[in-house]
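Fold and geometry: a report
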Amino acid sequence: VAMLIFVLATYPMPEDTATTAQAEVEEQQVGRDEAFEFNQFSVTVEDVEMDATHFDGDMITSAGAYVVVTVRVENTSQEPQEADRRWFRLADAEGAVYEYDSNLAIRTRQDVNPGNALVVPNPYSVPADAEITHLVVGDEEDGAVVRVEL
C-alpha cells in the first residue's frame, strides 16, 4: 500500500506534463539573412516588404496593411519533404502574432525533393501601426521555435 501511495504521489499530472513539454521546446534566435535548419529544411528569409501593395503579381485589394515575407526553403534530407506556410508567423513589438493570409496565399503545402529549394512569399495582414519585429518559425508542437529578427 505504501508503494502505491508513493507511485500515485510522484506520478506526473497532466498540467505537469504540459509544463515539461513546454520546457523542452528549443528556441533559437537568428538574423534576417542567416540560414537555419528547421524540419529537415535549410530556411533563409530573403526579403521583407513592409506596406506591400502586390502579392504574387496581383494588387492587394483587401483593407489593412500588408507585409510580405519571402523565405527560401531547401530540402536538406534524402527524402521528399513537405514545406508548409503555416510554419511561418509574424510577431510585433507588443507580442501579437499574425498568421499568413490564406485568402491571398491559397496553396498551404508543397512537396520538395531532396536538394531542391522553393522560394515562398508569405502575405500577412497586420494593423497599420504594428511594429513588426520577428518572423516566428515553428511552435511548441514542433518542439522548436526559431525567431528571425527582421
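Parameters and conventions
Residue positions are counted from 1 within each chain, in the order its sequence is given. Residue-level local features of this predicted model are given only where pLDDT is at least 70; pairs of side-chain atoms are given and counted only at 80 or more, and the full residue set underlies all totals for whole chains, interfaces and linings. Where side-chain values are given, they derive from all heavy atoms of the structure, hydrogens and water being excluded. For helices the rule is a DSSP run of H or I covering at least 4 residues; for strands it is a run of E covering at least 2, with both sets numbered from the N terminus onward. A 1.4 Å probe rolled over the protein chains alone gives each residue an accessible area, and that area as a share of the maximum for its type sets the label: buried under 20%, exposed over 50%, partly exposed in between. For this analysis, residues touch if any pair of their heavy atoms sits within 4.5 Å. Reported accessibility uses the Shrake-Rupley method at a 1.4 Å probe radius. Residues are deemed covered only where the shown protein chains occlude them. As a per-residue measure, pLDDT tells how confident the predictor is, with possible values from 0 to 100. DSSP bridges decide pairing: two strands pair if at least two such bridges lie between them. Orientation is described by axes fitted as lines to C-alpha atoms, over the contacting stretch for helices, and by angles from 0 to 180 degrees between their N-to-C directions. Whenever a carboxyl oxygen of Asp or Glu lies within 4 Å of a side-chain nitrogen of Lys or Arg, that contact is scored as a salt bridge. A pair of aromatic rings is counted whenever rings of Phe, Tyr or Trp (Trp by its six-membered ring) have centres within 6.5 Å, and the orientation is called stacked for planes under 30 degrees apart, edge-to-face for over 60 and tilted otherwise.

**Re the overall build of the protein chain**
Counting secondary structure elements, the protein chain contains two helices and 13 strands. Out of the 150 residues in the protein chain, the part that is buried amounts to 36%. Put simply, 68% of the contacts in the protein chain that link residues at least 6 apart link residues at least 24 apart. Taken as a whole, the protein chain presents about 9,300 Å² of accessible surface, with 48% of it coming from carbon and sulfur.

**Digging into the side chain of Asp-101**
Here Asp-101 is to be found in the loop between strand S9 (97–98) and strand S10 (109–112). In this structure, Asp-101 is in contact with Tyr-66, Pro-123, Tyr-124 and Ser-125, ignoring residues within four places of it in sequence.

**A few points about the confidence of the model for the protein chain**
It should be kept in mind that the predicted coordinates are not to be read in detail where pLDDT is low. With 83% of its residues at a pLDDT of at least 70, the protein chain reaches an overall mean of 86. When the criterion is pLDDT under 50, residues 16–22 qualifies, and its contacts beyond four places in sequence or with other chains add up to one contact.

**Description of the sheet that holds S9**
The strands that make up a sheet pair up through hydrogen bonds in the backbone, lying either parallel or antiparallel. If you trace the five strands from one edge of the open sheet to the other, you get S1-S13-S12-S8-S9, paired in mixed fashion. Of all strands in the sheet, those bounded by a partner on one side alone are strand S1 (26–30) and S9. Pairing analysis gives five bridges linking strand S8 (residues 88–92) to strand S12 (residues 132–137), with the strands arranged antiparallel. Within S12, the residue paired with Ala-91 across the bridge is His-134.

**Describing the sheet that holds strand S2 (residues 36–38)**
Read from one edge of the open sheet, four strands run S2-S3-S6-S11, paired in antiparallel fashion. Each edge of the open sheet carries a strand with a single partner, namely S2 and strand S11 (117–126). On average, each strand axis in the sheet is tilted by 40 degrees relative to the strand beside it, whichever way the strands run.

**Re the pattern of salt bridges**
Scanning all chains against the criterion turns up six salt bridges. Close ionic contact of Asp-47 with Arg-32 constitutes a salt bridge, the shortest N to O distance being 3.7 Å. With a gap of 15 residues between them, Asp-47 in strand S3 (residues 41–49) and Arg-32 in the loop between S1 and S2 connect regions that are remote in the sequence. We note a salt bridge from Glu-74 to Arg-72, for which the minimum N-O separation is 3.2 Å. One network of salt bridges, with partners in common, ties together Glu-82, Asp-84, Arg-86 and Arg-109.

**Re the packing of aromatic side chains**
The full count for this structure, using the stated rule, is three aromatic pairs. An angle of 75 degrees between the planes, with centres 5.3 Å apart, marks the rings of Phe-38 and Trp-87 as edge-to-face. In this pair, Phe-38 is assigned in strand S2 and Trp-87 in the loop between strand S7 (81–84) and S8, connecting sequence segments 49 residues apart. Trp-87 matches Phe-38 in its accessibility class, with the two residues each being buried. A ring pair is formed by Trp-87 and Phe-88, whose centres lie 6.2 Å apart and whose planes are at 65 degrees; its orientation type is edge-to-face. Taken individually, Trp-87 and Phe-88 each receive the classification buried, so the pair is uniform in this respect.

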